[in-house]
Amino acid sequence: MKHKMIKSLLLALAVLLAGCGSDNAYDGTELIGSNTPTTPEENAMLSVQTQVFQKHATALKQSITQMRQSISTFEQNLTANEVSSLQTQFETLMTEWKSVEAGYVAADYDESLIDTPSAIDFFHTGNVDVAADVQKALDQTGDIESALFKNSSKTITALEYMLFGTATPLDEMVGLMNKDDKRRVNACDVALKNLEAQASKIETFYQNDTKFAANITDASNALANVLIDSSFKLKEWRIGEPSGIALKYAGNPDSNRFEYAKSKRSLEAMRAILLTHQEIMGEQSYANFGSFASQNGAQSVVIAIRKQISDALALLNQFNTPIEEAINGTSVDAKIDTLYATTKELQRLYYESLIQALSLTAEIIEADGD
Amino acid sequence: MVELSGLDFFVESDKRIYWLYMVSALMLAVVIFRNQPDILRKQFSKEVLWHPSARLDYVYFVAVSAVKVLLIVPLLVGADDVIVWMVVFLQEQFGYVERIRIASVWLVGSYTLLIFVANDLTRYWLHRWMHTVPLLWRFHRVHHSAQVLNPLTFYRVHPVENVLFGLRYALTAGSVTALYIYFFGAGISMMQMGGANLFVFVFSLIGANLRHSHIPLRYPAKVERWILSPYQHQLHHSVHYGFKNYGSALSVWDRWFGTLVAGKTRKLRFGLLDETPTHSLLGAFLNPLNKGIKL
Ligand SMILES: [Zn+2]
Ligand SMILES: [Zn+2]
């Protein structure tokens, strides 16, 4: 009797399932998200974003190569002008890296590129004192390349210390650069060599990748992830922690926690990040992720996101001195509070758009009892 | 207009009374009880389908649909709000975690299952409190005042209970989703069958609509330890087993928390022991709000 019952049950179910129309068929593509882009808008958006990423990766690589070339031309001791020019080149290189980093989807498509960012700069990662390590290598004698054996000693963070000391005045910096047969300049080249290799990997990826543009769902997820990530780190690590707004350092501001406190270029880094967000989400002459999301039902959220990005950029323009100087002891410029609030709202809006896309709005079945 | 009347519930696969689930329930009943025609005859008899209690169910269904569309859904905190708030909270309290990269199939599969299981668990507890907390019982009585059962009895629930269950959903789905986003980032989605959660779909297909009926469909004893059969919910509606079988789909909660009853077919009397209900719409809405007045 029991077996008979189960059999009839299964039979009934089989008949039912077979009878389900196509709209009830199990949608496997939705499940694993293997959605090839079909509309011209989707294709345009994906190829534009690819171009943007490629452009920044190439610019990063070029800025590094250029700096190495500059260094290779120095025969005598460096002049103040030459040191200052290297410092300017550092800013270009660093901001190009921030642009690459803010849109870094590469790790989602190539596992070997997951750790590349941590080989390029060292921020908020563990308890390594990069400056102390570099200083130790500089104080030693013998081959500089083997003295800088740690990976973290060959990052942009290390390069910053080599070129700027600890916000050391230029004339003093000139002396340090020329000291010990220009050991510090040679150290820069060791770091740059590493950076060149890393940037090269990223550039090659963006030049050859076909996977990103082949799947609209994965691409959208990758873009959403990187924007959320980047906006969180901007708000929490780059603004909240130095200013003592973030919970971790509540009421305990310290301008040394800024990402590029030694070169006093933290504001430029923030600007580069936000400009990349603007390239991806902002209103542009080309079809980007923002316009794509806007056309797909997220219009009001996209408008709000665009406003936060331009508000944040406008705030950065209001600083007349390096942002590091906007923190004095425990007093923090009110503009930083506003900047924190703006970027916090930006990140919240990114989440909102992501969650809208999930469409989890309360189902009424779940509002009923039993 | 269609939305206000609740008629769209018959064509939406995330609703209990979706036409396919109704058809599957009917087919199960017909196939399994083909040798006991009395059972089917009773369900479709005038004294069950046109009982004052059933007639209230129909009127109630339309009325409460309008209340839900006009009042509850627009005002209720949605899962979306909970998620945004909670992800930001997690990040600020526990710091940033590097996104865990796992294969889509695992991500989506585990998310679909976890949403289903977590929802089922919170339904169990809220339902249990609806019975054990006197204030809540005043509202849940409306559901249990039904003296005959039909699929629409599922919707004979006081709006206050709707609000509580809606909030419960927002908190449950919101928390699970927020945790997933916190650890895995974007890329989560639900495994769906015709637009409903895969597990909800399967559960609804195996006779969920018979829970509120007089058709005593039981699953094999071993299955009933894991999944509640329609008959087990009928026991919950009987005057003798009201404090048993609070669960929705899974019976593990009842089993682990000591409220499971399974097995033997008994002669059941549905409704409330201490009251002869009047089955009026106004009474159903208003009586729980004021104990003294009976309409
Ligand atoms: Zn019930
Ligand atoms: Zn109950």
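Caption draft 1: Broad picture of the confidence of the model for chain A. Residues and elements named next belong to chain A. With 88% of its residues at a pLDDT of 70 or more, chain A has an overall mean of 89. Of all helices and strands in chain A, the one with the weakest mean pLDDT is helix α2 (residues 28-32) (38), whereas helix α9 (residues 156-164) scores best (98). Long-range and interchain partners of residues 18-33, a stretch whose pLDDT sits below 50, account for 24 contacts in this model, where long-range means more than four residues apart.

Caption draft 2: Expanded view of the packing of helix α7 (residues 104-132) of chain B against helix α8 (residues 134-144) of chain B. Residues and elements named next belong to chain B. Close contact between α7 and α8 brings their axes to 6 Å; oriented N to C, the two are set at 100 degrees. In terms of orientation, α7 and α8 fall into the roughly perpendicular class. Here H127, W129, M130, H131 and T132 of α7 come into contact with α8, specifically with P134, L136, W137, F139, H140 and H144. Grouping the amino acids of the contact of α7 with α8 by side-chain chemistry returns six nonpolar, five polar and no charged.

Caption draft 3: Quick look at the coordination of the zinc ion (ligand 2). Residue and element names in this part refer to chain B. The protein atoms donating to the zinc ion (ligand 2) are H127 (NE2), H131 (NE2), H140 (NE2), H144 (NE2) and H236 (NE2), with metal-donor distances spanning 2.1 Å. Taken in sequence order, the residues that donate to the zinc ion (ligand 2) follow the motif H-x3-H-x8-H-x3-H-x91-H. Here the zinc ion (ligand 2) and the zinc ion (ligand 1) are spaced 5.8 Å apart. Taken together, the residues span a long stretch of sequence, with H140 in helix α8 and H236 in helix α12 (residues 230-237) at a distance of 96 residues. No difference in accessibility class separates H140 from H236, as the two residues are buried.

Caption draft 4: Geometry of the side chain of H236(B). Residues and elements named next belong to chain B. When its relative accessible area of 1% is taken as the criterion, H236 is described as buried. Within the local environment of H236, its side chain forms a polar contact with the backbone oxygen of G242, the two atoms lying 3.2 Å apart. In this structure H236 touches H127, H131, H140, H144, Y241, G242, K244, N245 and Y246, once residues within four positions along its chain are discounted.

Caption draft 5: Just unusual backbone geometry, in detail. Of note, K182(A) is a non-glycine position whose phi angle comes to about 55 degrees, a positive value. Take K182(A): it is sitting in helix α10 (residues 170-208). Given the relative accessible area of 12%, K182(A) is considered buried. Here the phi dihedral of N245(B) falls at roughly 50 degrees; this positive angle occurs in a residue that is not glycine. Looking at the element boundaries, N245(B) is found in the loop between α12 and α13 (252-256). What makes N245(B) buried here is its relative accessible area of 1%.

Caption draft 6: Looking closely at the pattern of salt bridges. Inspection of every chain in the model, using the stated rule, returns 27 salt bridges over all chains. Here D108(A) makes a salt bridge to R101(B), at a shortest N to O gap of 2.3 Å. Here the residue D108(A) occupies a position in helix α5 (residues 106-109), and R101(B) occupies one in the loop between α6 (79-94) and α7, the pair thus bridging two chains. Classification of D108(A) by relative accessible area gives partly exposed; the value is 30%. Exposure remark for R101(B): the relative accessible area of 37% places this residue in the partly exposed category.

Caption draft 7: Expanded view of the coordination of the zinc ion (ligand 1). Residues and elements named next belong to chain B. Taken together, H143 (NE2), H212 (NE2), H233 (NE2) and H237 (NE2) make up the protein donors of the zinc ion (ligand 1), found 2.0 to 2.1 Å from the metal. One can describe the donor arrangement at the zinc ion (ligand 1) as irregular, given that its four donor atoms subtend angles of 92 to 161 degrees at the metal. Each donor residue of the zinc ion (ligand 1) lies on one chain, and together they are spaced H-x68-H-x20-H-x3-H.

Caption draft 8: Spatial organisation of the packing of aromatic side chains. Residue and element names in this part refer to chain B. Scanning the model with the defined rule gives 33 aromatic pairs over all chains in all. When the centroid spacing of 5.2 Å and the interplanar angle of 45 degrees are considered together, the rings of Y180 and F184 count as tilted. With Y180 and F184 both in helix α9 (residues 159-184) and four residues apart, the pair spans about one turn of that helix. Each member of the pair, Y180 as well as F184, is classed as buried. Its guanidinium or amino end placed over the ring of F9, K15 lies 5.3 Å from that ring's centre, counting from NZ or CZ.

Caption draft 9: Geometry of helix α5 (residues 52-75) of chain B. All names here are of chain B. Over its 24 residues, α5 runs 32 Å from end to end, which matches the ideal 34 Å to within 8%, given 1.5 Å per residue. K68 marks where α5 bends most, by close to 45 degrees. Of the residues making up α5, those classed as buried are S53, A54, L56, D57, Y60, F61, V64, S65, K68 and I72.

Caption draft 10: Representation of the domain arrangement of chain A in the model. Residues and elements named next belong to chain A. Here the domain parsing of chain A yields domain 1 (40-211) and domain 2 (215-359). Placing a centre on the C-alpha atoms of domain 1 and another on those of domain 2 gives a separation of 23 Å. Between domain 1 and domain 2, the contact holds 38 residues from the first and 34 residues from the second. Taking both sides of the interface into account, the surface hidden between domain 1 and domain 2 amounts to around 3000 Å²; carbon and sulfur atoms contribute 65%. It is M45, F123 and H124 in domain 1 that bury the most area against domain 2; as a group they hold 21% of the surface buried on that side. The tally of links between domain 1 and domain 2 comes to four salt bridges. Of all the elements in the fold, those that place two or more residues in the side of domain 1 that touches domain 2 are α3 (40-73), α4 (80-102), α5 and α9.

Caption draft 11: Layout of the packing of helix α11 (residues 216-243) of chain A against helix α14 (residues 334-358) of chain A. Residues and elements named next belong to chain A. Relative orientation of the contacting elements α11 and α14 amounts to 160 degrees, with a least axis distance of 9 Å. For the element pair α11 / α14, the angle class is roughly antiparallel. In this structure, α11 crosses over α14, and the sense of that crossing is left-handed. Counted together, A224, L227, I228, S231, F232, L234, K235, E236, I239, G240 and S243 of α11 and I336, L339, Y340, T343, K344, L346, Q347, Y350, Y351 and L354 of α14 form the full contact between these two elements. Tallied by class, the residues present in the contact of α11 with α14 amount to 13 nonpolar, five polar and three charged.

Scoring rules and cut-offs
- Residues numbered from 1 in each chain as written.
- Chains lettered and ligands numbered in written order.
- Predicted model: local features only at pLDDT ≥ 70, side-chain atom pairs only at ≥ 80, totals over all residues.
- Heavy atoms only, no water.
- pLDDT = per-residue confidence, 0-100.
- Helix = DSSP H or I, 4+ residues; strand = E, 2+ residues; numbered from the N terminus.
- Contact = heavy atoms within 4.5 Å.
- Axes fitted to C-alpha atoms, helices over the stretch in contact; angles between N-to-C directions.
- Parallel < 35°, antiparallel > 145°, perpendicular 65-115°, else oblique.
- Nonpolar A, V, L, I, M, F, W, Y, C, P; charged D, E, K, R; others polar.
- Donors = N, O, S within 2.8 Å, 3.2 Å for Na, K, Ca; no water.
- Buried < 20%, exposed > 50% of the residue type's maximum accessible area, 1.4 Å probe, protein only.
- Polar contact = N/O pair within 3.5 Å; in protein donor to acceptor, adjacent residues only side chain to side chain.
- Salt bridge = Lys/Arg side-chain N within 4 Å of Asp/Glu carboxyl O.
- Tetrahedral: all angles 85-135°; square planar, octahedral: opposite > 155°, others 65-115°.
- Phe/Tyr/Trp six-rings, centres within 6.5 Å; stacked < 30°, edge-to-face > 60°.
- Lys NZ or Arg CZ within 6 Å of the ring centre and 35° of its normal.
- Expected span 1.5 Å × (residues − 1).
- Bend = angle between axes of the 7 residues up to and from the residue.
- Domains from an automatic or database assignment.
- Buried area = accessible area lost by both parts, 1.4 Å probe.
- Left-handed = near helix turned anticlockwise from the far one by under 90°.

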